[in-house]
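Listed below are the residues making up each chain.
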Protein chains: 4
Amino acid sequence: MDYSELYGIAKEARKNAYAPFSGFRVGAALLTEEGRVYTGVNVENSSYGATICAERTAFVKAISEGERRFSAIAVSAGEEEALPCGICRQFMFEFAPDLTVITAGTGPDGEEMLRIRPLGELLPEGFRLAPEESTGDEGRKEGDKE
Amino acid sequence: MDYSELYGIAKEARKNAYAPFSGFRVGAALLTEEGRVYTGVNVENSSYGATICAERTAFVKAISEGERRFSAIAVSAGEEEALPCGICRQFMFEFAPDLTVITAGTGPDGEEMLRIRPLGELLPEGFRLAPEESTGDEGRKEGDKE
Amino acid sequence: MDYSELYGIAKEARKNAYAPFSGFRVGAALLTEEGRVYTGVNVENSSYGATICAERTAFVKAISEGERRFSAIAVSAGEEEALPCGICRQFMFEFAPDLTVITAGTGPDGEEMLRIRPLGELLPEGFRLAPEESTGDEGRKEGDKE
Amino acid sequence: MDYSELYGIAKEARKNAYAPFSGFRVGAALLTEEGRVYTGVNVENSSYGATICAERTAFVKAISEGERRFSAIAVSAGEEEALPCGICRQFMFEFAPDLTVITAGTGPDGEEMLRIRPLGELLPEGFRLAPEESTGDEGRKEGDKE
């Protein structure tokens, strides 16, 4: 799938956003290494702190279906370019430090212009707990907490 | 779908949880009013604050697919009963203050015993911003922020 | 200190709130068992999910000064009564499941009327990880992660 | 105040961290433009998502006291260097895109070596809502929501 098509899916996904507080509707489309696509939208909350962005929605959807390897994510807020916030950069870095991030701005003649950045450029020296703790689901035995 | 079946789906969903830090794997199964089911798992993060629980994963999955009306959610952490945390109660209350919450504990003979509670019992006097602000996606024009 | 005085401190604290997105300014005043008071305000963020409410601000202030035992918290959003959101209920429950929560509504003659509730009434069956894990700072050796 | 002294304050603040789940204790010391210092610690929660890091604790403390202009923050996790997570980068960017971030690693002879970075290097192209919305507390009238 080419990035332009992935961006189009992100833009289309926006229709399902729940953004009654900001009016800022965002859609995302996450591409796995195997070529599957998961969409996401932002979901706001009366307690702003419980809000989940489109990028994280797309990630948890994919992860809950068993996906763990990701190639690229496209993010669309409509006409204006919107870059992932720091929370989403942190969240995506956990699974895909080499992810390609696709957004779009508007060119001089009003045309849509894709921008491609590696996640590492948006979150240099990203935060991780020690690899032995965080590289897999098997790091600790399940059931050892209530 | 009966609640026992829904709980079974939640329990099965746990296999996809990403819980390398706590080892506490949780699955959820969210039932819409129309009878569709969306699963969720907890997805932890090196920065604990970015962690998303199974209940919220199930909700954002459904919302991103256009769902807005929910009937019940089942939550399973395996053998031990696990109730939704306050963040999830807040998040679910936004969409479904009358949601039915299904968990399971272990009976005297080791058998699984379902417990059914209304969300309002777990989050009395839940927090909402004023209805005119939060009842729909149409509360503000889109695109009025960057 | 009586609850009316504590509420007054919460209301006064609102002046320092940072709420450019919602316009919903909240103040809190947290009373320790030893009688010290820590104020808090809500601090919003462009990424709504990074927003921290007044109650949590008051708690982290106190905890960072070494406090661990709390008696009551007053919360004021001005004229309208504002109850703690689910995130704050969860956060406060960690340290003070028996906390007294003080808010105020407006009586029939426009006078301020205090309302007193135990936290347990706002977050029944609150979520905790197993006591052996969470009862103290000494549950794990420090330095065992990066 | 020189950065080495600020780092020392951050390191000392760690003693008040509440980190029973990760064992990863962090302290922060935030310097305002006027030269005042606010400390912070990480405060974990049974629901990992409610965890607040040391950097955000220091910021909300300062903001709740009326501070709005910040110069530098030091962050210490003890022996190991710890960089702010993406959530904290996002949170700090709201108030201080030009903040200086001070951490410390260990040199070849075991000595503490300060590292100084501008926040913009850790969160390039940070996310903000439109300036007219977010530059001040006065962006909206207070009280226009419940």
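Residues numbered from 1 in each chain as written. Chains lettered and ligands numbered in written order. Predicted model: local features only at pLDDT ≥ 70, side-chain atom pairs only at ≥ 80, totals over all residues.

Attention now moves to the overall build of chain A. When helices and strands are tallied, chain A shows five helices and five strands. When the helices and strands of chain A are listed from N to C terminus, the series reads α-β-β-α-β-α-β-β-α-α. For chain A, with 146 residues in total, the buried portion stands at 55%. Expressed as a percentage of contacts within chain A between residues at least 6 apart in sequence, the contacts between residues at least 24 apart total 56%. (Helix = DSSP H or I, 4+ residues; strand = E, 2+ residues; numbered from the N terminus. Buried ≥ 20, exposed ≤ 12 C-beta atoms within 10 Å, placed from the backbone. Contact = placed C-beta atoms within 7 Å.)

This part covers the confidence of the model for chain A. Taken as a whole, chain A shows an average pLDDT of 90; of its residues, 88% reach a score of 70 or greater. Considering only residues more than four positions removed or in separate chains, one finds that residues 131-146 of chain A, a stretch of pLDDT under 50, has 32 contacts. (pLDDT = per-residue confidence, 0-100.)

Right, let's get into the interface of chain B and chain C. Contact with chain B, which involves 13 residues of that partner, is made by 14 residues of chain C. Per-element accounting of the side of chain B that touches chain C gives the leading share, five residues, to helix H3 (residues 86-95) of chain B. Counted by class, the side of chain B that touches chain C contains eight nonpolar, two polar and three charged residues. (Nonpolar A, V, L, I, M, F, W, Y, C, P; charged D, E, K, R; others polar.)

It takes a turn of 180 degrees to lay chain B on chain C, together with a shift of 0.0 Å along the axis; the resulting RMSD is 0.0 Å. Such a combination of rotation and displacement between the chain copies is what one expects of a two-fold axis. Most of the interface of chain B is mirrored in chain C, where 100% of its interface residues again form contacts. (Least-squares fit on C-alpha atoms with pLDDT ≥ 70 in both.)

This paragraph deals with the sheet that holds strand E2 (residues 37-41) of chain C. Residues and elements named next belong to chain C. If you trace the five strands from one edge of the open sheet to the other, you get E2-E1-E3-E4-E5, paired in mixed fashion. Either end of the sheet is taken by a strand with one partner, and the two such strands are E2 and strand E5 (112-118). The mean inter-strand angle of the sheet, taken between neighbouring strand axes irrespective of direction, is 20 degrees. Note that strand E1 (residues 27-32) and strand E3 (residues 70-76) share six bridges and pair antiparallel. Residue alanine 29 lies in a different strand from E3, and its bridge partner there is alanine 74. (Pairing = 2+ DSSP bridges. Axes fitted to C-alpha atoms, helices over the stretch in contact; angles between N-to-C directions.)

With that out of the way, let us pick up the nonpolar core. Counting 196 residues, the largest nonpolar core has A:Ile73, B:Ile73, C:Ile73 and D:Ile73 as its most contacted members. Contact partners of D:Ile73, with chain neighbours within four places excluded, come to D:Ala28, D:Ala29, D:Leu30, D:Glu55, D:Ala58, D:Met92, D:Leu99, D:Val101 and D:Ile102. (Core = buried A, V, L, I, M, F, W, Y, C linked by C-beta atoms within 7 Å.)

Residue and element names in this part refer to chain D. Spatially, E2-E1-E3-E4-E5 is the arrangement adopted by the five strands of the open sheet, whose pairing is mixed. With one partner strand each, in any of the chains shown, strand E2 (37-41) and strand E5 (112-118) form the two edges of the open sheet. Neighbour to neighbour, the strand axes of the sheet diverge by 20 degrees on average, direction disregarded. With three bridges joining them, strand E3 (residues 70-76) and strand E4 (residues 100-106) adopt parallel strand pairing.

Moving on to the packing of helix H2 (residues 54-64) of chain A against helix H2 (residues 54-64) of chain B. If you want to describe how two helices pack, look at the angle between their axes and the distance between the axes. With their axes 9 Å apart at the nearest point, H2(A) and H2(B) run at an angle of 110 degrees to one another. Of the possible angle classes, the one that applies to H2(A) and H2(B) is roughly perpendicular. Where H2(A) crosses over H2(B), the handedness of that crossing is left-handed. For the pair H2(A) and H2(B), contact is made by A:Thr57, A:Val60, A:Lys61 and A:Ser64 and by B:Thr57, B:Val60, B:Lys61 and B:Ser64, respectively. (Parallel < 35°, antiparallel > 145°, perpendicular 65-115°, else oblique. Left-handed = near helix turned anticlockwise from the far one by under 90°.)

The next subject is the environment of C:Pro118. All names here are of chain C. Within the secondary structure, proline 118 is located in strand E5. By C-beta crowding, proline 118 is classed as partly exposed, having 13 other C-beta atoms within 10 Å. Separated by 21 residues in sequence, proline 118 and proline 97 have C-alpha atoms that sit 8.4 Å apart. With sequence-adjacent residues up to four places away left out, proline 118 is seen in contact with Asp98 and Thr100.

Turning next to helix H3 (residues 86-95) of chain C. Within an α-helix, residues lying three or four positions from one another point in the same direction, as the helix has 3.6 residues per turn. The element H3(C) is largely enclosed, with a buried count of nine among its ten residues. Looking only at H3(C), the buried set comprises C:Gly86, C:Ile87, C:Cys88, C:Arg89, C:Gln90, C:Phe91, C:Met92, C:Phe93 and C:Glu94. Elements that come into contact with the buried residues of H3(C) comprise H3 of chain B together with helix H2 (54-64), E3 and helix H4 (119-122) of chain C.

Residue and element names in this part refer to chain B. Where H2 meets H3, the closest approach of the two axes is 9 Å, and the angle between their N-to-C directions is 25 degrees. The angle between the axes of H2 and H3 places the two elements in the roughly parallel class. At the point where H2 passes H3, the crossing takes the left-handed sense. Two secondary-structure elements touch here, H2 through Glu55, Arg56 and Phe59 and H3 through Cys88, Phe91, Met92 and Phe95. Of the residues assigned to the contact of H2 with H3, the class counts are five nonpolar, no polar and two charged.

Turning next to H2(B). Residues and elements named next belong to chain B. Among the eleven residues of H2, eleven are classified as buried, and the element is accordingly described as predominantly covered. What H2 keeps buried is the set Ala54, Glu55, Arg56, Thr57, Ala58, Phe59, Val60, Lys61, Ala62, Ile63 and Ser64. Looking at the residues trailing H2, positive phi occurs at glycine 66, about 100 degrees.

Among the structural elements, B:Ala13 can be located in helix H1 (residues 3-13). For the pair B:Ala13 and B:Ser76, spaced 63 residues apart in sequence, the C-alpha to C-alpha distance is 8.7 Å. Once residues within four sequence positions are removed from consideration, B:Ala13 is found in contact with A:Ser64, B:Gly27, B:Ala28, B:Ala29, B:Thr39, B:Gly40 and B:Val41.

A word on the environment of C:Ala17. Residue and element names in this part refer to chain C. Structurally, alanine 17 is set in the loop between helix H1 (3-13) and E1. Considered as a pair, alanine 17 and valine 41 are 24 residues apart in the sequence and their alpha carbons are 4.9 Å apart. When near neighbours in sequence (up to four residues on either side) are disregarded, alanine 17 contacts Arg25, Val26, Gly27, Val41 and Asn42.

Quick look at the pairing of E2(C) now. Residue and element names in this part refer to chain C. Most of E2 sits inside the fold, with four of its five residues counted as buried. Here five bridges tie E1 to E2, and the two strands are oriented antiparallel to one another. Bridge pairing links alanine 29 to threonine 39 in E2. Between the end of E1 and the start of E2, which pair antiparallel, lie four residues, with glycine 35 showing a positive phi angle near 100 degrees.

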